[in-house]
Each structure stands twice: as structure tokens, then as C-alpha cells.
Amino acid sequence: MLGAPSMTSGTDEACVDMLTQAAPGDASVLWVSFTTPAGACLDRWRSVHGTDPRDFGVIIVGETVGGGGNADIDSQAVQTISNASDLTGIGIKVGEFISGRDERIAVCFDSLTALLQYVDLETAYEFLHALTGQLHSVGAVSHFHIDPNAHEQRTIDTLLSLFDAEVRLREDGTADVRTRNLVG
């Protein structure tokens, strides 16, 4: 889970860095975005690499503008879920993207804070439990953005139990990383 207060410097760079470490070279990258237009997602990647990932997809959730940014995006790479509380639809679209791929897959989910504006914590938890299981089953590496200042600590702790690590960016852009000790 990538925790960063709104407007923290370095958030975009940390996101792309996590995607790059998870998906070097010939990899597929998927963005699930409640907050960022599709073109801006790809612009983030290009700003670091100067080229596109092997394959990419963007799932725009809710009222986020589909284009945005400077990137020219193949319309087939962009899927839209108009109702932000349609968790089944989001899960289906993610499944379609990751299904049958042999290459490494990296996923950015932006953001849990936005998701929690549309569904309650229990519903979000159940959805994220299923989604992270689906991603794990294909060996995908993912990170999920959250603004820790927008939630009670109980909410953060509940969601954090779904993830292997927490990366928390400070206002100055430096990061604290905590990992869970996993059995087996």
C-alpha cells in the first residue's frame, strides 16, 4: 500500500518506480484510476522510460476524464466503469487484462481513498481481498494508493492487513517502508 498525503511531492515518481521494479523490460502495466485521466497515467511512465511498456491498459473508474495528459492512447487500451461503486465491473475488467498473460504484470490502483468515497470499509475490504488474490494468482505485483490523512487509523490498519508492505511518503518525498513477516 502506498500512503501519501494529497499533494505530496514524489508520489508520481514513487508510483512509477514501484511499477518499474515490478515490471522491468517486457512487461504489462495496468492502471486502475479513480483520479487520474488515462493519458496522464501513461505520461507518468513515459516521463521515466521515454517509451511505452510492452502492453498497458487503463481502467477509468467513475467520472475521471478518459483522456488527459499528452499521451496518445489506443482507445482499446482504455476501459471505463462509469459507476464507481461497481466493484464487480472493476474486478471483471482487471481479470480481462491479466488473463492469459505470460509476461510480468504490474498494477497501480489509484486510489483506495477514492474507492472509500463510494463503498463502505467492509465492502471495500471484501473486494480488495478478492482482487489481491486474483492478482497474486497470476504473479502480478501491485500497489494501491491511499491518503492516510483522509482516514481513521482503524481504516488504514484494516486495509493494511491485505498487503505485504506499506510505503508511506512524507511531505518531503522521503519514504518509510514497513513489511509484514509472512509465514512460509
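Heads up: the structure comes first, above all this text.
Everything numeric here is computed off the predicted structure, so don't read it as measured data. (Residues numbered from 1 in each chain as written. Predicted model: local features only at pLDDT ≥ 70, side-chain atom pairs only at ≥ 80, totals over all residues. Heavy atoms only, no water.)

## Remarks on the overall build of the protein
Then, in step 1: Assigned secondary structure in the protein consists of six helices and eight strands.
Then, in step 2: Each helix (α) and strand (β) of the protein, taken in turn from the N terminus, gives the series β-α-β-α-β-β-α-β-α-α-β-α-β-β.
Then, in step 3: Buried positions account for 47% of the 184 residues belonging to the protein.
Then, in step 4: At a minimum sequence separation of 6, the contacts of the protein that also span at least 24 residues come to 71%.
Then, in step 5: Total accessible area on the protein is roughly 9,200 Å²; 46% of this is exposed by carbon and sulfur atoms. (Helix = DSSP H or I, 4+ residues; strand = E, 2+ residues; numbered from the N terminus. Buried < 20%, exposed > 50% of the residue type's maximum accessible area, 1.4 Å probe, protein only. Contact = heavy atoms within 4.5 Å. Areas by Shrake-Rupley, 256 points an atom, 1.4 Å probe, with all protein chains shown as cover.)

## Section: the packing of aromatic side chains
Then, in step 1: Taken as a whole and judged by the stated rule, the model has five aromatic pairs.
Then, in step 2: Geometrically, the ring pair formed by Phe34 and Phe109 is tilted, given 5.7 Å between the ring centres and 50° between the ring planes. Here the residue Phe34 occupies a position in the loop between strand E2 (27-33) and helix H2 (38-49), and Phe109 occupies one in strand E5 (residues 104-110), the gap between them amounting to 75 residues.
Then, in step 3: Exposure remark for Phe109: the relative accessible area of 0% places this residue in the buried category. (Phe/Tyr/Trp six-rings, centres within 6.5 Å; stacked < 30°, edge-to-face > 60°.)

## Brief notes about the side chain of His143
Then, in step 1: Examined against the element boundaries, His143 turns out to sit in strand E6 (residues 141-146).
Then, in step 2: Relative accessible area serves as the criterion here: at 4%, His143 is assigned to the buried category.
Then, in step 3: Looking at His143, its side chain comes within polar contact range of the side chain of His145, at 3.4 Å.
Then, in step 4: If we ignore the near neighbours within four places in the chain, the residues touching His143 are Leu2, Cys15, Met18, Leu19, Val107, Cys108 and Phe109. (Polar contact = N/O pair within 3.5 Å; in protein donor to acceptor, adjacent residues only side chain to side chain.)

## Some remarks on the pairing of E6
Then, in step 1: The sheet contact formed by strand E1 (residues 2-3) and E6 spans two bridges and is parallel. If you follow Leu2 over to E6, its bridge partner there is His145.
Then, in step 2: In the sheet, E5 pairs with E6 via four bridges, with the strands oriented parallel. Paired with Phe109 across the two strands is Phe144, which belongs to E6. (Pairing = 2+ DSSP bridges.)

## Re the sheet that holds E2
Then, in step 1: One open sheet accounts for eight strands, arranged E4-E3-E2-E5-E6-E1-E7-E8; its pairing is mixed. The sheet is open, and its two edges are formed by strand E4 (78-81) and strand E8 (175-179), each paired on a single side.
Then, in step 2: As defined by bridge partners, E1 adjoins strand E7 (residues 165-169) across two bridges and the pair is classed as parallel. Each residue of the ladder has a partner; that of Leu2, found in E7, is Val167.
Then, in step 3: Set on the sheet, helix H5 (residues 121-137) makes contact with E5 and E6; between it and E6 the angle comes to about 150°. (Axes fitted to C-alpha atoms, helices over the stretch in contact; angles between N-to-C directions.)

## So, the nonpolar core
Then, in step 1: Counting residues in each nonpolar core, the largest one holds 35 residues, and the members touching the most others are Ile90, Val94, Phe109, Leu112, Leu115 and Leu159.
Then, in step 2: With six residues, the top contributor of residues to this core is H5.
Then, in step 3: Among all residues touching Leu159, those that are not within four sequence positions of it are Met1, Leu112, Leu116, Leu121, Leu128 and Ile146.
Then, in step 4: Listed in part, the 14 residues of the second largest apolar core include Cys15, Leu19, Cys41 and Phe56. (Core = buried A, V, L, I, M, F, W, Y, C linked by side-chain atoms within 4.5 Å.)

Purely spatial values, then, with no claim about function.
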